[in-house]
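Chains, contacts and geometry: an overview
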Number of protein chains: 2
Amino acid sequence: MKTKTIILKHRPEGKPKSSDFEFIDEELADLKSGEIQLKLKYVSVDPYLRGRMRDEKSYMPPFELDAPIASMVVAEVIETKNDDFKKGDVVTGMLPWKKEQISDGKNLTKIDDKNVPLTAYLGVLGLTGLTAYLGFTEIGKPKKGETLVVSGAAGAVGSIVGQLGKIMGCHVAGIAGTDAKVEKLKSKFGFDAGINYKTTENMRKAIAETCKDGVDIYFDNVGGEISDAVLYNINKFMRTINCGAIATYNETSVPRGVSVRPFLIKNSALMQGFIVSNYEAKFDEARKQLGKYLKEGKLTHEETIKEGFENIPEAFMGLFEGENTGKMVVKI
Amino acid sequence: MKTKTIILKHRPEGKPKSSDFEFIDEELADLKSGEIQLKLKYVSVDPYLRGRMRDEKSYMPPFELDAPIASMVVAEVIETKNDDFKKGDVVTGMLPWKKEQISDGKNLTKIDDKNVPLTAYLGVLGLTGLTAYLGFTEIGKPKKGETLVVSGAAGAVGSIVGQLGKIMGCHVAGIAGTDAKVEKLKSKFGFDAGINYKTTENMRKAIAETCKDGVDIYFDNVGGEISDAVLYNINKFMRTINCGAIATYNETSVPRGVSVRPFLIKNSALMQGFIVSNYEAKFDEARKQLGKYLKEGKLTHEETIKEGFENIPEAFMGLFEGENTGKMVVKI
């Protein structure tokens, strides 16, 4: 039996293009004892995958050329020779972009849709929610009454961070790229203020106006000029969570910008790179807290769902065009 | 009676010039009850004073135009109407650049030259030593076997940081601006390696070669391109102490450079602005430790001493030309 697989054909130069990906038919081996056969149900596409497409040392190894790309997925067990799984079980884990595949069941977590939809496990209860919660609390160390700025605020992580900011008593301003997103930040996610960076001429001034008491915490998903503008508005002991730099992921030369060092010195400020995998010891506690907020109705999550295995690359490319509000997921 | 005073005549544009300073004669008031009359013995000139010459909010208020500049000094009591001080006492504290002056004695510390020369109180046992010790231990959190890079390594703070690095079991590489300084780093201060950034074409490569296991801690006194080159060599969980950015202090436009954010994200690395005044609660403990290292002969300190009250501005300007090795002090 054959299955469709998406491999990395070329390492993208600048923005990823369709031709960087290739669909191939791969033979599916016979199921051996201890294995299960899985069918993908949902695939998560995330900005950080762009980093793994580069051939350079980072916090995760780069994808290999001519080999499948992998990300977090939800999959259904359709055949099993493993006593831990029965047919119809639904699992989540990091798996390759193969429509059907064989697994030994390791590093997979069984989930169900009793309390939340399955896609929540790729979002608010998955790495997205954990990233938002642990980055914000562990590096941001929010205190009541402080001011939080979130960039990429309408994205999967950003929209959760802003809500956590409100839950913890912060004044919250979000930066996003369309008026509709900015409107949603306020009406749906409860942000106090929003800035459309695409239509704002003077970001530095706009941030000053929405953050009258200066910026104490900056949860940065985008990097680049937007983040440079934040620097001019920071308070003493300000903390930046450097979670992502999507604004510069597709640059082909080394990105440059305002030198942050004089700002850090003047304000005894901190910047720290955040990778959720460093905080595995706190996942359970964080998931519990996120689940509690979700049940209490304090946390709204939003998804942009594209359909079809063949549209995974397109959904991924859409991340860099701002096509998503909240978590981008592909339904297979 | 009149006394010579140095006032800030113009806020420097770019590098400070002689004409930014003015010597004036000021009338010395009569000594009132509770006051002491002081004569300057030594004046500390430091890169951070350049920051206070700008008219902008920072961790210390800016100097006012047409008012005296102030820095850490050593002074002798030459007359007293304050029971806490007797004639001949020697004190240290933050005082204006006035050859003789009246003080109420507040915020002054009595010192003597029994164990160390008086100038040590402006250097290794003063803010310089405290900056090196507290920046390195509180933000750097050194572990045995780690690699430390110090920029401005032959300077007052840098030369102490490197020695502390060796005391704490690190591999230490220093960056300085002349071959003589680089030689001294190794022969006098015990650094493992030194790089002359003025004669090195590829700093990124030179750092890689002197730090085979990558960089775990970067004590940064200079900022600018040198610090950008360090970024390419950092390890996971690397810490930067942003203590100074002398390379960019004289720039008239906002300094730009390589964007640090992608490097921080990839390496879960930290950058933090360091100002010694935030750590006052730890001064006593730090001074005790520095005094102990000094007595044990583990800490060598070096001074560049210029002579004459009239040469204070010149000594200050010399900091930006790399004229000092170790602490720059003016003997009055």
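Calculation rules
- Residues numbered from 1 in each chain as written.
- Chains lettered and ligands numbered in written order.
- Predicted model: local features only at pLDDT ≥ 70, side-chain atom pairs only at ≥ 80, totals over all residues.
- Heavy atoms only, no water.
- Helix = DSSP H or I, 4+ residues; strand = E, 2+ residues; numbered from the N terminus.
- Buried < 20%, exposed > 50% of the residue type's maximum accessible area, 1.4 Å probe, protein only.
- Contact = heavy atoms within 4.5 Å.
- Expected span 1.5 Å × (residues − 1).
- Arc of directions from axis to C-beta.
- Phe/Tyr/Trp six-rings, centres within 6.5 Å; stacked < 30°, edge-to-face > 60°.
- Lys NZ or Arg CZ within 6 Å of the ring centre and 35° of its normal.

- An unreviewed UniProt entry lists chain A under the name NADP-dependent oxidoreductase, with Subsaximicrobium wynnwilliamsii as the source organism.

**Some points on the side chain of B:Thr210**
All names here are of chain B.
- Relative to the elements of secondary structure, Thr210 occurs in helix H5 (residues 203-210).
- Thr210 sits in the buried class, given a relative accessible area of 19%.
- Residues contacting Thr210, with those up to four places away along its chain left out, are His171, Ala173, Ala193 and Ile195.

**Describing helix H8 (residues 283-295) of chain A**
Residue and element names in this part refer to chain A.
- Over its 13 residues, H8 extends 18 Å from the first C-alpha to the last, a length consistent with the 18 Å expected when each residue adds 1.5 Å.
- Every buried residue belonging to H8 is among Phe283, Ala286, Leu290, Tyr293 and Leu294, and all of these are buried. For H8, the angular spread of buried residues about the axis comes to 100°, placing them on one side. Residues of H8 that are exposed and point more than 90 degrees away from the buried face comprise Asp284, Glu285, Lys288 and Lys295.
- On its buried side, H8 packs onto helix H2 (127-139) and helix H3 (156-167).
- Of the residues one or two after H8, Gly297 is the one with positive phi, at around 75°.

**What to know about unusual backbone geometry**
Residue and element names in this part refer to chain B.
- Backbone geometry at Lys141 places phi at a positive 40°, although glycine is not the residue there.
- Relative to the helices and strands, Lys141 resides in the loop between helix H2 (127-139) and strand S8 (147-151).
- Since its relative accessible area comes to 54%, Lys141 is described here as exposed.
- In this structure, Phe237 takes a positive phi of about 65° despite not being glycine.
- Structurally, Phe237 can be placed in strand S12 (residues 234-242).

**A closer look at the packing of aromatic side chains**
- Within the structure shown, the criterion is met by 10 aromatic pairs over all chains.
- Considering the side-chain rings of B:Tyr232 and B:Phe263, the 5.0 Å spacing of their centres and the 75° angle between planes classify their relative orientation as edge-to-face. Pair noted here: B:Tyr232 is in the loop between helix H6 (224-231) and S12 and B:Phe263 is in helix H7 (residues 261-267), with a separation of 31 residues, a long-range link.
- The exposure class of B:Phe263 is buried, given its relative accessible area of 12%.
- On the basis of an interplanar angle of 25° and a centroid distance of 5.0 Å, the ring pair of B:Phe274 and B:Tyr279 is categorised as stacked. You'll find B:Phe274 and B:Tyr279 in the same group, each marked buried.
- Linked through ring pairs, A:Phe21, A:Phe316 and A:Phe320 together constitute an aromatic cluster.
- Taking NZ or CZ as reference, A:Lys110 lies 5.4 Å from the ring centre of A:Phe85, over its face.

**Digging into the side chain of B:Gln37**
- With respect to the element layout, B:Gln37 can be found in strand S3 (residues 36-44).
- Non-local contacts of B:Gln37, meaning those with residues more than four positions away in its chain, are made with B:Met1, B:Leu28, B:Leu31, B:Glu76, B:Val77, B:Ile78, B:Glu79, B:Glu100, B:Gln101 and B:Ile102.

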